[in-house]
Amino acid sequence: MSAAVSIFSRTDRRARFSEPGEDRTYILRAEAIAKIAAENAADVDAQSRFPAEAFAALRDQKLLGMLIPTELGGEGARAADVADVCAILGAACASTAMIFAMHQVKLACLIRHHRNNPWQLEFLRRAADKQLLLASSTTEGMNGGNIRSSEAAIQLEGPKVRLTRDASCISYGAEADAIVTTARRGDSAANSDQVLVVFEKETYTLERTKSWDTLGMRGTCSVGYLLRAEGVADQVMAEPYDRIHTQTMAPYAHLFWSSAWCGVATGAFATARAFVRNASRHSGGKMPPGANNLTKARVSLETLRAAVQAGLANFERNAREPGGLTAMDAQLALNFLKVEASELAVQTVTHAMRACGLSGYRNDTEYSLGRSLRDILSAPIMIHNDRILASAEASVLMSAPPSALSR
Ligand SMILES: Cc1cc2nc3c(=O)[nH]c(=O)nc-3n(C[C@H](O)[C@H](O)[C@H](O)COP(=O)(O)OP(=O)(O)OC[C@H]3O[C@@H](n4cnc5c(N)ncnc54)[C@H](O)[C@@H]3O)c2cc1C
């Protein structure tokens, strides 16, 4: 396979979400890592293997702990900074970006809800110091993306906690340093009465139950496992999961995933642009027949970027107001961002491939877009859009959008 088109042109810089003049070292560091991720992306996909080179570089650049507050040894980055890194990585390797995004979501849950628990604070210090990688377990048994329901319950016995869970998929489970998992609060609790628990690698075993042979996102290695874990009760977060979910888990997941998909779309657009420029140069300035698809790709990419930017701004504003994030409109907007961003990203990559014609469809050209297309098709089903839309139906009936645009 030929080397991919450079993803570091001027156009690609538009993948970023921070304001000009703000601290750009996250961006510079992310760009250095993205080069490494891009070099290995084809092999990661072909072998369905963990993007080890990119994660070694992320650790070197200390980006795994960027969200952790400075007093705990991190860099106190904002959501928009993490979104930038997700987007820059996404343009290089979708699996790398998605793993990074999932890790940051789990870290955010701990950072925002530790309630000064000494074990959890110490864990965060260690996560910053050792650049620990956190995996997520929410999908269980045959429950699909119904995150707000758990089957397996934690067993609390004095100072100890135990959990055995049929985890349908845990991305990079084998490579992670810790797993952050939802669970039922106890044997007699309802399925929706959940807690979030952190287990470190030394305290669990993973028995493989399902493989990960998928169309795309092959580097996430989202294998199914029987998780058996044992730890101390302090590892159970005191804040009920339903609050963690609305305040942090869902908002950060939707923002960071959307940013990663935006990056994949940006990378595909850059490839299509390079193809159209090259084709027109070789035919005396005459555009190739599919060139109008490049413009369509740009239209959907700009809409996608604007949606993610607005989502980040709304999130920052709502997070500052008491009850801002739990408000129905705020939750609806975040859920709709995920749905819309995933569809727009698929649209952008599809247009980009059409712009490249056969050169994009083939796997053996520098304009090949097969991997991007396969990767991005995971976006609408990573928590199925139809599930999200169905669960929003009641709220849509109850809440009308304001007629003014400035509110
Ligand atoms: C790239 C990627 C990475 C992911 N990483 C993680 C991760 O790290 N941790 C994690 O917890 N989850 C992960 N997920 C899963 C994700 O969070 C959602 O749970 C998942 O995408 C929902 O998929 P679904 O379409 O099967 O589920 P849904 O559409 O929500 O539901 C599917 C429904 O079909 C039924 N069903 C499923 N299989 C069968 C079958 N064989 N026969 C009959 N009925 C069936 C189920 O009962 C369920 O009701 C990942 C997903 C992707 C795409």
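All values reported here derive from a predicted model rather than from experimental measurement.

So, how was this worked out
- Residues numbered from 1 in each chain as written.
- Predicted model: local features only at pLDDT ≥ 70, side-chain atom pairs only at ≥ 80, totals over all residues.
- Core = buried A, V, L, I, M, F, W, Y, C linked by C-beta atoms within 7 Å.
- Buried ≥ 20, exposed ≤ 12 C-beta atoms within 10 Å, placed from the backbone.
- Helix = DSSP H or I, 4+ residues; strand = E, 2+ residues; numbered from the N terminus.
- Contact = placed C-beta atoms within 7 Å.
- Pairing = 2+ DSSP bridges.
- Axes fitted to C-alpha atoms, helices over the stretch in contact; angles between N-to-C directions.
- Near = placed C-beta within 6 Å.
- Nonpolar A, V, L, I, M, F, W, Y, C, P; charged D, E, K, R; others polar.
- Domains from an automatic or database assignment.
- Parallel < 35°, antiparallel > 145°, perpendicular 65-115°, else oblique.
- Left-handed = near helix turned anticlockwise from the far one by under 90°.
- Arc of directions from axis to C-beta.

**Student:** I'd love a proper account of the nonpolar core, names of residues and values included.
**Tutor:** Ranked by size, the top nonpolar core spans 129 residues in total, and within it A83, C86, L89, F256, A260, A345 and V349 carry the most contacts. A per-element tally of this core places helix α6 (residues 241–281) first, with 21 residues. For L89, the contacting residues outside a window of four places in its chain are A30, I33, A34, A37, T96, A97, F100 and G263.

**Student:** Give me the lowdown on the sheet that holds strand β5 (residues 194–200), citing residues and values where you can.
**Tutor:** Note: strands within a sheet are paired through backbone hydrogen bonds, in either parallel or antiparallel orientation. Taken together, the three strands give an open sheet; going across it, the order is β1-β4-β5, and neighbouring strands pair in mixed fashion. Of all strands in the sheet, those bounded by a partner on one side alone are β1 (134–137) and β5. Taking each pair of neighbouring strands and ignoring which way they run, the sheet shows an average axis angle of 25°. On top of the sheet, helix α4 (residues 94–113) reaches β1, β4 (178–184) and β5; it is set at about 85° to β1, its chief contact.

**Student:** A description of the site of the ligand should follow, citing residues and the corresponding values.
**Tutor:** Within the structure, the ligand sits among 22 residues, and T139, G144, G145, S171 and H384 are positioned closest to it. Those elements giving two or more residues to the shell around the ligand turn out to be α4, β1 and β3 (160–170). It is β1 that provides the largest number of residues to the shell around the ligand, a total of three residues. The class makeup of the residues in the shell around the ligand is 10 nonpolar, 11 polar and one charged.

**Student:** Go over the domain arrangement of the protein chain with me, naming the residues and quoting the values.
**Tutor:** Its domain assignment divides the protein chain into domain 1 (11–130), domain 2 (134–235) and domain 3 (241–398). Summarising the inter-unit geometry, the C-alpha centres of domain 2 and domain 3 are found 28 Å apart. Facing nine residues of domain 2, the contacting portion of domain 3 comprises 12 residues. Among the elements that line the side of domain 2 that touches domain 3, the one with the most residues is β5, at three residues.

**Student:** Mind laying out the pairing of strand β7 (residues 223–232), listing which residues take part and the relevant values?
**Tutor:** Looking at chain direction, β3 and β7 are connected through nine bridges and run antiparallel. In the sheet register, T164 faces β7, and the bridge partner there is R228. Of the strand pairs in this sheet, strand β6 (residues 204–210) and β7 are connected by six bridges, and their pairing is antiparallel. Bridge assignment links E207 to a residue of β7, and that residue is L226.

**Student:** Just give me the short version of unusual backbone geometry, but keep the residues and values in it.
**Tutor:** Although it is not a glycine, Q131 adopts a positive phi angle of roughly 55°. Unlike most non-glycine residues, M217 shows phi in positive territory, near 50°. As for its position among the elements, M217 is in the loop between β6 and β7.

**Student:** Please give an account of the environment of W212 that cites residues and values.
**Tutor:** Turning to its location among the elements, W212 is positioned in the loop between β6 and β7. Residues W212 and V198, spaced 14 residues apart in sequence, show a C-alpha to C-alpha distance of 24 Å. In this view, W212 contacts S48, C221, S222 and V223; residues no more than four positions away in its chain are not counted.

**Student:** Which residues make up the sheet that holds strand β2 (residues 155–157), and what values do they have?
**Tutor:** Spatial strand order, β2-β3-β7-β6: four strands in an open sheet with antiparallel pairing. At either margin of the open sheet sits one strand with a lone partner, and together these are β2 and β6. When the angles between neighbouring strand axes are averaged without regard to direction, this sheet yields 15°.

**Student:** Before we move on, could you go through the environment of A379 and cite the residues and values that matter?
**Tutor:** By the element assignment, A379 lies in the loop between α10 (370–376) and α11 (385–398). Of the residues examined, A379 has 28 C-beta atoms within 10 Å and is grouped as buried. Counting along the chain gives 119 residues from A379 to A260, while the straight-line C-alpha distance between them is 9.8 Å. When sequence neighbours within four positions are dropped, the list of residues in contact with A379 reads W261, S342, A345 and V346.

**Student:** With reference to specific residues and values, describe the packing of α4 against α6.
**Tutor:** Two numbers describe how α4 lies on α6: the axes approach to 9 Å, and their chain directions differ by 160°. One way to sum up the angle between α4 and α6 is to call them roughly antiparallel. For the pair α4 and α6, the sense of crossing is right-handed. Mapping the contact onto sequence places A94, A97, M98, A101, Q104, V105, A108, C109, R112 and H113 in α4 and I244, Q247, T248, M249, Y252, A253, F256, W257, A260, G263 and V264 in α6. Of the residues contributing to the contact of α4 with α6, the split by class is 15 nonpolar, five polar and one charged.

**Student:** I'd like a description of helix α2 (residues 52–60), backed by residues and values.
**Tutor:** For α2, the set of buried residues is A54, F55, A57 and L58. Buried residues of α2, seen end-on, are gathered within an arc of 155° and therefore sit on one face of the element. Packed against the buried residues of α2 are α1 (25–47) and α4. The positive-phi residue at the C-terminal boundary of α2 is K62, with phi of around 60°.

**Student:** Let's hear about the packing of α6 against helix α7 (residues 292–320): which residues, and what values?
**Tutor:** Interaxial distance between α6 and α7 falls to 10 Å at its minimum, and their mutual angle equals 155°. Taken together, α6 and α7 sit at an angle that is classed as roughly antiparallel. Read as a crossing pair, α6 and α7 show a hand that is left-handed. Taken together, the residues of α7 that come into contact with α6 (itself represented by P251, L255, S258, S259, C262, A265, T266, F269, A272, R273 and V276) are L294, A297, R298, L301, L304, R305, V308, G311, L312 and F315. Its residues placed into classes, the contact of α6 with α7 shows 14 nonpolar, four polar and three charged.

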